[in-house]
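Descriptive structure summary
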Amino acid sequence: MKRILIAIITLAFFAGLTPFVFAADVAKIGVVNFERVLKESSAGKLTQKDLRTKGEEFQGKLKKEKDSLDAISKAFEREALVLSPEKKREKEREFRIRVNDFKKMQEDYTKELRRIEIELINKMQKDVFQIANEMGKKEGFLLIIERKTAGVIYMPSKVDITDALITKYNAKAAKKE
């Protein structure tokens, strides 16, 4: 009888502690949408503006070169009837070289613009992740993940810390200026 009583008391004791064990520490998880940070933060908007400006500069140079090629083409068409076959071949060859140079220029500008974009986004991502790390430590997050990279399909809105991160990132970016 004594054993049964001790077993019941022990069982009751552990049964009574079970809710405390499961409720001891709730895992605090945060999700950040980097695309939103890129679009909505002041530094992200500045980055997009810089990229647009550089792209427009490259487009202006390309348009100028294309206009020059069009002028050369029209001049060649006018002169084609009066040129000797040798001169005609030479002009065609020069024109093809200029067209190839134009195509190469287009490729180079596209690569350069992409390189600048990657460089600026990587710098911004480094800053955002540093702020997320600081937030995680200060606010006791168990885990902070990036929405797209982690493949998050669903999350409650209270888990999204993007707004708080944008606010802190804007404050940090304002201090740099």
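Quick summary incoming for the structure in this document. (Residues numbered from 1 in each chain as written. Predicted model: local features only at pLDDT ≥ 70, side-chain atom pairs only at ≥ 80, totals over all residues. Heavy atoms only, no water.)

Observations regarding the overall build of the protein
- A tally of helices and strands in the protein yields six helices and two strands.
- Along the protein, helices and strands appear, N-terminal first, in the series α-β-α-α-α-β-α-α.
- Residue burial in the protein is summarised as follows: out of 177 residues, 23% are buried.
- By element, 60% of the accessible surface of the protein is carried by carbon and sulfur atoms, the whole surface being about 13500 Å². (Helix = DSSP H or I, 4+ residues; strand = E, 2+ residues; numbered from the N terminus. Buried < 20%, exposed > 50% of the residue type's maximum accessible area, 1.4 Å probe, protein only. Areas by Shrake-Rupley, 256 points an atom, 1.4 Å probe, with all protein chains shown as cover.)

A few points about the nonpolar core
- Within the largest apolar cluster, 16 residues are counted, with the highest numbers of intra-cluster contacts made by Val 37, Val 128, Leu 165 and Tyr 169.
- Secondary-structure elements contributing two or more residues to this core are α2 (34-40), α4 (85-139) and α6 (162-176).
- In terms of residue count, α4 provides more of this core than any other element does, five residues in total.
- Residues within four places of Tyr 169 in sequence aside, it is in contact with Val 37, Ser 41, Ala 43, Met 124, Asp 127, Val 128 and Ile 131.
- Counting five residues, the second-largest nonpolar core is a separate cluster that includes Phe 58, Leu 69, Phe 102 and Tyr 109. (Core = buried A, V, L, I, M, F, W, Y, C linked by side-chain atoms within 4.5 Å. Contact = heavy atoms within 4.5 Å.)

Overview of helix α3 (residues 42-79)
- If you check α3, its first and last C-alpha atoms are 55 Å apart, about what 38 residues at 1.5 Å a residue would give, namely 56 Å.
- Within α3 the residues assigned to the buried category are Ala 43, Gly 44, Thr 47, Leu 51, Gly 55, Phe 58, Leu 62, Glu 65, Leu 69 and Phe 76.
- For α3, the elements touching its buried residues are α2, α4 and α6. (Expected span 1.5 Å × (residues − 1).)

Here's the deal with the pattern of salt bridges
- Taken as a whole and assessed by the stated rule, the structure comprises 16 salt bridges.
- A salt bridge links Glu 139 to Lys 168, with the nearest nitrogen and oxygen atoms 3.2 Å apart. In this pair, Glu 139 sits in helix α4 while Lys 168 sits in helix α6, placing the two residues 29 residues apart along the sequence.
- Look at Glu 139 and you get partly exposed, because its relative accessible area is 33%. (Salt bridge = Lys/Arg side-chain N within 4 Å of Asp/Glu carboxyl O.)

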